[in-house]
Structures are given as C-alpha cells and as structure tokens.
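What the coordinates show
The lines below spell out each chain.
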Amino acid sequence: SAASAASSSRKRTPRFAVLRPTGEPYDQAVSGEERKRAEIDYPQAVGEAGRDWIRGKPFGHDPRESARFLIDFGYIMQLLELHAGTSLVELGCGSGWMTRFAARQGLHAEGYDISPEMIEIAREQAAAEGLDVVFEAADMEGLDLGRRFDACLIYDAIHHSERADLVLASAH
C-alpha cells in the first residue's frame, strides 16, 4: 500500500554499527562488560571517517538527518522549557552536540559519556566553539553527580544500556 511504502521510505539506516576492535560487528545479544567496552571503543572502531562524522554532528550529513537532529533539539528546548540560566545534564552525550547547543542557548550544560574519546571530541568541539561546557567520562548506569540540575537529557542513548532503570536512577 502507499502508506506502507511511505513508512518504509522513512526508516533510517544506521550509518555505523558498533564494531569490535577487530572490525567485526558486535552481536546484539552481547551483554555486560563486552557491550560497555564496545561503547568505549566506538570512536576507534569507526575509523577516521567515522570520527569526522561524529565531530560534524549534527551538520554535514544527509539533509534529512541534519534536519531531524535540529528539529529534535528545538523540540527538546520547548518540551523541557529550557531557557538561559537553567541547568542541563546530558547522559550518554557522545560528541556533546546537544550539550553544546544548549550552552549556546545560555544554559549551564554538562555532558557525560562512557567513552573517554567521545568526551575528548566533545571538549575539542566546545573549545573550538568558545563554549564553557563541562564534559566528563562516566558510566550513566552508576553516575552520582552529587547535585541537581533543572533538566536531564538522555537523547539517543538509553538503548546503549541494558539497565535503563539504573540510567533513570542516575537521571533522577
């Protein structure tokens, strides 16, 4: 039918899969420490072209994908009623593009990700953009920041955890 054809044409194909250091894909059933290791090693596994893609996010991609990222950010700002002066923590921030966009809107923004290399990319991008943003490597399943934020964002990240309950406890 026309509806199913339209629906199937809108499905996104992942640009990169999570790979083992050998370049082989991880089995989706992989759990525990091996899965976390895959997340930590992701920037190395995708190679230089993949890291360029990560650094450029949300720009420099398929126009529809870039548009989706930007629309998502705008919707999040509206939905969470985020405005200059509010504080935001992003768990599983990856390259930190959402966190950096929030800082550009005048929010006090911090981002946390399990991958030290992703955090390094986020810090480099923030420095290049002249932004004062905190980025730290941490596991969102057991993070205790010892303080509260006005909002917590977990954008396109919770599926990387087998324990969403622990992630949501960290967010609370």
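Check the entry above for the structure.
Along each chain, the written sequence defines residue order, and numbers are assigned to residues from 1. Residues qualify for local features only when their pLDDT is at least 70, as the model is predicted, and side-chain atom pairs are given and counted only at 80 or more; totals for whole chains, interfaces and linings, by contrast, use all residues. Hydrogens and water molecules were not included; the side-chain quantities draw on all heavy atoms of the structure.

Looking at the overall build of the protein
Helix and strand assignments come from DSSP, with helices taken as H or I runs of at least 4 residues and strands as E runs of at least 2, each series counted from the N terminus. Along its length, the protein carries 7 helices and 4 strands. The secondary structure elements of the protein, listed N-terminal to C-terminal, are α-α-α-α-β-α-β-α-β-β-α. Using a 1.4 Å probe on the protein chains alone, a residue whose accessible area is under 20% of its type maximum counts as buried, one over 50% counts as exposed, and one in between counts as partly exposed. Burial status across the protein gives 40% buried among its 172 residues. Of all intrachain contacts in the protein linking residues separated by at least 6 positions in sequence, the fraction that spans at least 24 positions is 60%. Entry remark: accessible area of the protein is about 9700 Å², with carbon and sulfur atoms responsible for 52%. Any two residues whose heavy atoms approach within 4.5 Å are treated as being in contact. Note on areas: Shrake-Rupley, 1.4 Å probe, and residue coverage restricted to the protein chains presented here.

Digging into the pairing of strand β3 (residues 134-137)
One requirement defines pairing of two strands: DSSP has to find at least two bridges between them. Where strand β2 (residues 108-113) lies against β3, 4 bridges are found, and the strand directions are parallel. Residue pairing in the sheet places Tyr-112 in a bridge with Glu-136 of β3.

With respect to the sheet that holds β2
Taken in spatial order, the 4 strands of this open sheet run β3-β2-β1-β4, and their pairing is parallel. Each of the sheet's edge strands pairs with one partner strand only, and the pair in question is β3 and β4 (151-153). Neighbouring strand axes in the sheet, compared pairwise and without regard to direction, differ in orientation by 20 degrees on average. Across 3 bridges, the pairing between strand β1 (residues 87-91) and β4 is parallel. Bridged to Val-89 within β4 is Cys-152. Fitted lines through C-alpha atoms give the axes, limited to the stretch in contact for helices. The angle between two N-to-C directions lies from 0 to 180 degrees. Against the sheet, helix α5 (residues 97-104) makes contact with β1, β2, β3 and β4, and its axis sits at roughly 175 degrees relative to β2, the strand it touches most.

Brief notes about the packing of aromatic side chains
Classification of ring pairs rests on two measures: the distance between centres of Phe, Tyr or Trp rings, Trp counted by its six-membered ring, which must be within 6.5 Å, and the angle between planes, read as stacked under 30 degrees, edge-to-face over 60 and tilted in between. Tallied over the entire structure, the rule returns 5 aromatic pairs. Arranged with centres 6.1 Å apart and planes meeting at 40 degrees, the rings of Phe-59 and Phe-101 form a pair that is tilted. With Phe-59 in the loop between α3 (47-56) and α4 (63-79) and Phe-101 in helix α5, this pair connects stretches of sequence that are 42 residues apart. With relative accessibility at 14%, the residue Phe-101 sits in the buried group. Ring geometry for Trp-97 versus Phe-101: centroids 5.7 Å apart, planes at 90 degrees, classification edge-to-face.

Overview of the pattern of salt bridges
Salt bridge criterion: a side-chain nitrogen from Lys or Arg within 4 Å of a carboxyl oxygen from Asp or Glu. Taken as a whole and assessed by the stated rule, the structure comprises 13 salt bridges. We note a salt bridge from Asp-139 to Lys-36, for which the minimum N-O separation is 2.5 Å. Note that Asp-139 is positioned in the loop between β3 and β4 and Lys-36 in helix α2 (residues 32-45), a separation of 103 residues in sequence. Owing to a relative accessible area of 26%, Asp-139 belongs among the partly exposed residues under this scheme. Glu-136 is the partner of Arg-123 in a salt bridge, and the nearest nitrogen-oxygen pair spans 3.2 Å. Here the residue Arg-123 occupies a position in helix α6 (residues 116-128), and Glu-136 occupies one in strand β3, the gap between them amounting to 13 residues. Within this structure, Glu-48, Arg-51, Asp-52, Arg-55 and Glu-117 form a network of salt bridges that share partners.

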